[in-house]
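Remarks on the overall topology
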Amino acid sequence: MLIAVMSILVAAVLPLWSSQAKRDKEEELISRGLQYAEAIRVFQRRFGRLPVRLEELVVVVPRSIRRLWEDPMTGTMNWIRIFEGTPPGGVPIDPQTGLPMTDPDGDGIPGEGETTFVGPIRGVRSAAQGEGFQVFLDQTQYSAWEFRSDLFARFQ
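In this text, all values refer to a predicted model and were calculated from it rather than measured experimentally.

So, about the sheet that holds strand 1 (residues 80-83). The strand order across the open sheet formed by 3 strands is 1-2-5, and the pairing between neighbours is antiparallel. In the strand order of this sheet, the two ends are held by strand 1 and strand 5 (146-148), each with one partner. With strand direction ignored, the average angle separating the axes of adjacent strands in the sheet is 30°.

The next thing to look at is unusual backbone geometry. Omega for the peptide link from Val-61 to Pro-62 comes to -5°, which places this bond in the cis form. Residue Leu-137 is not a glycine yet carries a positive backbone phi of 50°. Note on placement: Leu-137 falls in the loop between strand 3 (131-136) and strand 4 (139-141). On the accessibility criterion, Leu-137 (29% relative accessible area) is partly exposed. At Asp-138, a position not held by glycine, the phi torsion is positive, near 65°. Mapped onto the elements of the fold, Asp-138 is located in the loop between strand 3 and strand 4.

Moving on, we come to the nonpolar core. Residues Leu-29, Tyr-36, Leu-54, Leu-57, Ile-65, Trp-145 and Phe-147 are the most contacted members of the largest nonpolar core, which totals 25 residues. Here this core takes 7 residues from helix 1 (residues 2-47), the largest share from any one element. Not counting the four nearest positions on each side in its chain, Leu-57 is found in contact with Tyr-36, Ala-39, Ile-40, Phe-43, Pro-51, Arg-63, Ser-64 and Ile-65.

Under the defined criterion, the tally for this structure stands at 5 aromatic pairs. On the basis of an interplanar angle of 40° and a centroid distance of 5.0 Å, the ring pair of Phe-136 and Phe-147 is categorised as tilted. Of the two residues, Phe-136 sits in strand 3 while Phe-147 sits in strand 5, which places them 11 residues apart along the sequence. The same class applies to Phe-136 and to Phe-147, which are both buried. Pairing Tyr-142 with Trp-145 gives two aromatic rings, centres 5.3 Å apart and planes at 90°, and the pair type is edge-to-face. Overall, Tyr-142 belongs to the buried group, its relative accessible area being 3%. The buried category is assigned to Trp-145, whose relative accessible area is 0%. An aromatic cluster is defined as three or more aromatic residues linked by ring pairs; in this entry it consists of Phe-136, Tyr-142, Trp-145 and Phe-147. One Lys or Arg, Lys-22, reaches over the ring of Phe-133 and ends 5.1 Å from the middle of that ring. When the ring centre of Phe-133 is taken as reference, the NZ or CZ atom of Arg-23 above it lies at 4.2 Å.

Reading the values: the criteria
Residues numbered from 1 in each chain as written. Predicted model: local features only at pLDDT ≥ 70, side-chain atom pairs only at ≥ 80, totals over all residues. Heavy atoms only, no water. Pairing = 2+ DSSP bridges. Helix = DSSP H or I, 4+ residues; strand = E, 2+ residues; numbered from the N terminus. Axes fitted to C-alpha atoms, helices over the stretch in contact; angles between N-to-C directions. Buried < 20%, exposed > 50% of the residue type's maximum accessible area, 1.4 Å probe, protein only. Core = buried A, V, L, I, M, F, W, Y, C linked by side-chain atoms within 4.5 Å. Contact = heavy atoms within 4.5 Å. Phe/Tyr/Trp six-rings, centres within 6.5 Å; stacked < 30°, edge-to-face > 60°. Lys NZ or Arg CZ within 6 Å of the ring centre and 35° of its normal.

Okay, structure coming up:
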């Protein structure tokens, strides 16, 4: 009888625990994304330009961010970079050809059928797909949560 009651309790609590873990990852994603946005903003103020690689944020003196953070939703360092001139929610446009640039895996390394946009980085977003419990800037999809250096200007 005790085993049956415990099984029912575990079955009831497990989805709640899983949901809470996902909410925690979402909060961490927002926190880390905002750190990147602020670091890019600080970099631009200090050096008069946007970084062309995320690594620049930690190798310059004084550094703009304590360290490069992994995306908590994917568990990797593969943030999708948002380049200067990219409209919110859009893909960058090649200034030479006027055509959209493609980098489906977001790694910045050209693969077969890909071109890579090289230029100043304005922000980052997660490579994770799916809908979040939280709403960030009126968006519920992780891929739409863009952490741009001009984000803080909206609140001033």
